[in-house]
Amino acid sequence: MKPVLGIPDQDLQEITMLLNTLLADEYFLYTKTRNAHWNVEGPNFYELHKLFDTQIHELDEIIDDIAERVRSLGHFALGSLKDFQSVTHMTEDNHSFDKANSIIHTLVNDHEIIVRIIRNDIVPISEKYKDLGTADFVTGIMEQHEKIAWMLRSSLD
Ligand SMILES: [Fe+2]
């Protein structure tokens, strides 16, 4: 049974495409943060290992919330690595993924990419599609990424 939410079908299609792309981006960043948690080395190993673990759990919740938002809007969430790879904006340039500073730089950059993508998406979601629920939802996610980026930036040598 289709939801009747006051948003035209075509708009729901486009909104959920934006959300599924964000889901893919988050999944890539989640995997990179796991990589960081496992492989970081350096004098601050234990602190960073724990910091990355906290961020893994935050990203896991974000991922689940985005997928369930897509379902709430009557569409299917992407659910395979192949599908995520086909739509993501993220790259997997993991060179020097053992040096703490290099890892942190990469992760800050990725969180900021997502912040900018969401900031751009908010405009059509709220103004063109008038979906204030999703606009509010992604605004909250953007703020979470801004905070995580700050935590990482402050951990740089
Ligand atoms: Fe662990």
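Being a predicted model, the structure only gives us computed values, none of them experimental.

What counts and how
- Residues numbered from 1 in each chain as written.
- Predicted model: local features only at pLDDT ≥ 70, side-chain atom pairs only at ≥ 80, totals over all residues.
- Helix = DSSP H or I, 4+ residues; strand = E, 2+ residues; numbered from the N terminus.
- Expected span 1.5 Å × (residues − 1).
- Buried ≥ 20, exposed ≤ 12 C-beta atoms within 10 Å, placed from the backbone.
- Contact = placed C-beta atoms within 7 Å.
- Axes fitted to C-alpha atoms, helices over the stretch in contact; angles between N-to-C directions.
- Parallel < 35°, antiparallel > 145°, perpendicular 65-115°, else oblique.
- Nonpolar A, V, L, I, M, F, W, Y, C, P; charged D, E, K, R; others polar.
- Core = buried A, V, L, I, M, F, W, Y, C linked by C-beta atoms within 7 Å.

### Things to note about helix α2 (residues 45–72)
What sets the pattern is the α-helix's 3.6 residues per turn: residues three or four places apart point alike. Counted at 1.5 Å a residue, the expected span for α2 with its 28 residues is 40 Å, and the 40 Å between its end C-alpha atoms agrees. Turning to α2, its buried residues are Leu-48, Leu-51, Phe-52, Gln-55, Leu-59, Ile-62, Ile-66, Arg-69 and Val-70. As for α2, its buried residues are in contact with α1 (9–39), α4 (100–128) and α5 (132–153). Count one or two residues on from α2 and you reach Gly-74, which has phi positive near 90°.

### Description of the packing of α2 against α5
Two elements in contact, α2 and α5, have axes whose closest approach is 12 Å; the angle formed by their N-to-C orientations is 170°. As summarised for this structure, α2 and α5 are arranged roughly antiparallel, according to the angle between their axes. Residues Leu-51, Gln-55, Glu-58, Ile-62 and Arg-69 of α2 lie in contact with α5, whose contacting residues are Thr-134, Phe-137, Ile-141, Gln-144, Ile-148 and Met-151. Of the residues that constitute the contact of α2 with α5, the class distribution is six nonpolar, three polar and two charged.

### What about the nonpolar core?
Ile-15, Leu-18, Leu-19, Leu-22, Leu-23, Ala-24 and Ile-66 are the most contacted members of the largest nonpolar core, which totals 19 residues. Looking at this core, the elements with two or more residues in it are α1, α2 and α4. Counting residues per element, this core draws most heavily on α1, at nine residues. Not counting chain neighbours up to four residues away, the residues in contact with Leu-18 comprise Asp-121 and Ile-125. Grouped together as the second largest cluster of nonpolar side chains are 11 residues, Val-40, Leu-51, Ile-104 and Leu-152 included.

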